[in-house]
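# Analysis of the macromolecular model
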Amino acid sequence: MDKPEFYYIMAFDTATDAMHAEAYAKGRIKAAVMPVPGAVSSGCGLALRFMEEHEESIFAFCKDAPVNGRLYKMYTRKVDGRHPVFFIM
């Protein structure tokens, strides 16, 4: 299986939002809580990583989820020693 070129994460300011997002994701979308990558600043240090392949599903989840979070696109290949990361919403 090929390594994906990028993945999406949702970062949070509070651990409560991270846990609510994880609970909300169950049965809706493939995702798991992980430590927030160093390239992303987050108040609580937790992020929700999406294993879903369809961007539309991820965007819809982020818009509907009853939590405060920020969506980022993380590239798996390093550029100048870092993984590029882009704020999406």
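Residues numbered from 1 in each chain as written. Predicted model: local features only at pLDDT ≥ 70, side-chain atom pairs only at ≥ 80, totals over all residues. Heavy atoms only, no water.

### Some thoughts on the sheet that holds strand S3 (residues 46–50)
How we decide: Two strands make a pair as long as DSSP finds a minimum of two bridges between them. The secondary structure listing takes helices from DSSP runs of H or I that are at least 4 residues long and strands from runs of E that are at least 2 residues long, numbered from the N terminus. Simply put, an axis is a line fit to the C-alpha atoms, just over the touching stretch for a helix, and the angle between two N-to-C directions goes from 0 to 180 degrees. Every residue pair with non-hydrogen atoms within 4.5 Å of one another is taken to be in contact.
Across the sheet, which stays open at both edges, the five strands sit in the order S2-S3-S1-S4-S5 with antiparallel pairing between neighbours. One side of each edge strand has no neighbouring strand; the edge strands of this open sheet are strand S2 (31–35) and strand S5 (85–87). Mean inter-strand twist for the sheet, computed between neighbouring axes without regard to direction, equals 30°. Bridging between S2 and S3 involves five bridges; their strand directions are antiparallel. Bridge pairing in S3 places Ala32 opposite Arg49. In the packing of helix H1 (residues 15–25) onto the sheet, the strands contacted are strand S1 (6–12), S2 and S3, and the crossing angle to S3 comes to about 20°. Along the sheet, helix H2 (residues 55–64) contacts S1, S3 and strand S4 (69–75); its crossing angle with S1, the most-contacted strand, is approximately 5°.

### Let's talk about unusual backbone geometry
Most of the time, phi is negative for any residue but glycine, and the peptide bond is trans. The condition that has to hold: Type-normalised accessible area, obtained with a 1.4 Å probe on protein chains alone, sets the label of each residue: buried when under 20%, exposed when over 50%, and partly exposed for intermediate values.
Located in the positive-phi region is Asp80, a residue other than glycine, with phi close to 55°. Mapped onto the elements, Asp80 comes out in the loop between S4 and S5. For Asp80, a relative accessible area of 79% gives the class exposed.

### Concerning the packing of aromatic side chains
This is how the line gets drawn: Here is the rule: rings of Phe, Tyr and Trp (six-membered ring for Trp) pair when centre to centre is within 6.5 Å. Planes less than 30 degrees apart are stacked, more than 60 are edge-to-face, and the remainder are tilted.
Counting across every chain of the model gives seven aromatic pairs. Considering the side-chain rings of Tyr24 and Phe61, the 5.4 Å spacing of their centres and the 45° angle between planes classify their relative orientation as tilted. Of the two residues, Tyr24 sits in helix H1 while Phe61 sits in helix H2, which places them 37 residues apart along the sequence. By relative accessible area, Phe61 is classed as buried at 5%. Each ring, one from Tyr72 and one from Phe87, has its centre 5.6 Å from the other, and the planes form 70°; the classification is edge-to-face. In this pair, Tyr72 is assigned in strand S4 and Phe87 in strand S5, connecting sequence segments 15 residues apart. Site record: aromatic cluster; members linked through ring pairs are Phe6, Tyr8, Phe59, Tyr75 and Phe86.

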